[in-house]
Amino acid sequence: MATVIAITSGKGGTGKTSLTGGVGSCLAALGRKVLCIDMDIGMRNLDISLGMTDLAVMDFSDVLAGRCGLERSAAAHPDIPGLWLLTAPLSLPGPLPLDGMKRLVQQARSRFDYILMDAPAGLGDGFRLCAACADRAIVISTTDASALRDAQRTVAALMKSIPRIHLVVNRVQPRLLRRLHTTIDDAMDTAGLPLLGVVPEDSQVMLSANLGRPLILSSRRCASVAYLNIARRLMGEKVPLMKIR
């Protein structure tokens, strides 16, 4: 039975979609069956992060409407066995159907080990739908004050329905941390969450996305290592936090 994880952020630009694609790729590379679901209707980008733009033909609205089943809608990654993507529609005629999405996720639970739901930024309908379907959540934030404040609001909303919530601090720049006299501990205290991982600033993340190639296939350092460490922690392994210098 799959573990369903909502990956959220209080604001855009924190790297939530890159984290979803990176951790999902690593879980699959570690031998798990993984379904990544892009929940950002009209603003979907997870297919770009995974290098699957031409493969994600069907979307989750096709499943909800009964036009095709989950097996046909979910696209298999061509280079990473065990990884599938169910993309978001460009639009929906009405509000997101909670019951329908819960049924879709329940179908997926019996077929996959992990289901990663890439929630849209903010606290709108897509966020609430992910929160209602997930077993646990990852809140991703950078170290800047506005991102951490928005992360606090996100945590407060998630705590109403999800007992296990963790923080990932993304795009960490050691020099900037020293200049601001802040630490990762400060970020944890501000967000009020246990830390699942830290991800360094890495230009390879954007480069890999623009080339349409998952980061794990392009790099074995920096952000790629951080994603792998997070994936291993989700699997229950004890992995030391990455030292960012």
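The model shown is predicted, which means the values in this text are computed figures rather than measured ones.

The rules behind the values
Residues numbered from 1 in each chain as written. Predicted model: local features only at pLDDT ≥ 70, side-chain atom pairs only at ≥ 80, totals over all residues. Heavy atoms only, no water. 1 Å grid on protein atoms, 1.4 Å probe; cavity = no way out; pocket = protein on both sides within 12 Å on 5 of 7 lines; lining within 4 Å. Points joined across faces, edges and corners; volume = space filled by probe spheres on them. Helix = DSSP H or I, 4+ residues; strand = E, 2+ residues; numbered from the N terminus. Nonpolar A, V, L, I, M, F, W, Y, C, P; charged D, E, K, R; others polar. Buried < 20%, exposed > 50% of the residue type's maximum accessible area, 1.4 Å probe, protein only. Lys, Arg positive; Asp, Glu negative; His and termini not counted. Salt bridge = Lys/Arg side-chain N within 4 Å of Asp/Glu carboxyl O. Contact = heavy atoms within 4.5 Å. Axes fitted to C-alpha atoms, helices over the stretch in contact; angles between N-to-C directions. Parallel < 35°, antiparallel > 145°, perpendicular 65-115°, else oblique. Left-handed = near helix turned anticlockwise from the far one by under 90°. Core = buried A, V, L, I, M, F, W, Y, C linked by side-chain atoms within 4.5 Å.

**Student:** What exactly am I supposed to notice about empty space enclosed by the protein here?
**Tutor:** The probe, sized like a water molecule, is rolled over the atoms to show the empty space still left. Going through the model one piece at a time under the given rule, you end up with one cavity of 30 Å³ or more. In this model, the largest cavity occupies a volume close to 100 Å³. In terms of lining, the largest cavity is formed by 13 residues, of which the most central are Ser18, Ser49, Val205, Pro214 and Leu215. For the lining of the largest cavity, the secondary structure elements donating two or more residues are α1 (16-29), α2 (46-50) and α10 (203-210). With four residues, α1 is the largest single contributor of residues to the lining of the largest cavity. Its residues assigned to classes, the lining of the largest cavity comprises six nonpolar, six polar and one charged.

**Student:** Is there a simple way to think about the side chain of Arg233 in this case?
**Tutor:** Relative to the helices and strands, Arg233 is located in helix α11 (residues 223-234). Although buried, Arg233 forms no salt bridge, and the nearest oppositely charged side chain, Glu237, lies 9.1 Å from it. Sequence-distant contacts of Arg233, that is, excluding residues within four places in its chain, are made with Leu196, Gly197, Val239, Pro240, Leu241 and Met242.

**Student:** I keep staring at the layout of surface pockets and nothing clicks. Help me out?
**Tutor:** Approximately 610 Å³ is the volume found for the largest pocket. In terms of lining, the largest pocket is formed by 26 residues, of which the most central are Gly15, Lys16, Thr17, Ser18 and Val205. Elements with a contribution of two residues or more to the lining of the largest pocket: α1, α2, β7 (164-172), β8 (195-200), α10 and α11. Among the elements that make up the lining of the largest pocket, the one with the highest residue count is α10 (four residues). Classifying every residue of the lining of the largest pocket gives 10 nonpolar, 11 polar and five charged.

**Student:** Help me understand the packing of helix α5 (residues 98-109) against helix α6 (residues 125-133), please; the structure alone is not making it clear to me.
**Tutor:** Two measures define how a pair of helices packs: the angle their axes make with one another and the distance between the axes. Remark: α5 packs on α6, axes separated minimally by 10 Å, with the N-to-C direction vectors making an angle of 45 degrees. With respect to each other, α5 and α6 are oriented oblique. The two elements α5 and α6 cross, and the hand of that crossing is right-handed. Of α6, the residues touching α5 (which contributes Leu98, Met101, Lys102, Val105 and Arg109) are Leu129, Ala132 and Cys133.

**Student:** Where do I start with unusual backbone geometry in this structure?
**Tutor:** For residues besides glycine, phi is generally negative; the peptide bonds are generally trans as well. Not every positive phi belongs to a glycine, and Arg171 is a case in point at roughly 55 degrees. The class for Arg171 is partly exposed, based on a relative accessible area of 40%. The backbone of Cys222 sits at a positive phi, close to 50 degrees, despite the residue not being glycine. Checked against the element boundaries, Cys222 lands in the loop between α10 and α11.

**Student:** Whenever I open this one, the nonpolar core confuses me. Can you help?
**Tutor:** Grouped burial of nonpolar side chains is what soluble globular proteins tend to show. Core analysis: the largest hydrophobic core is formed by 44 residues, its most contacted members being Leu35, Phe60 and Ile115. Ranked by the residues each element gives to this core, the list is headed by α6, at five residues. With near-sequence residues (within four places) excluded, Leu35 lies in contact with Leu70, Ala74, Trp84, Leu85, Leu86, Ala108, Phe112, Tyr114, Ile115 and Leu116. Residues Ile5, Leu215, Ala226 and Tyr227 belong to the second largest nonpolar core, which totals 33 residues.

The values reported here are purely geometric and, on their own, carry no functional implication.
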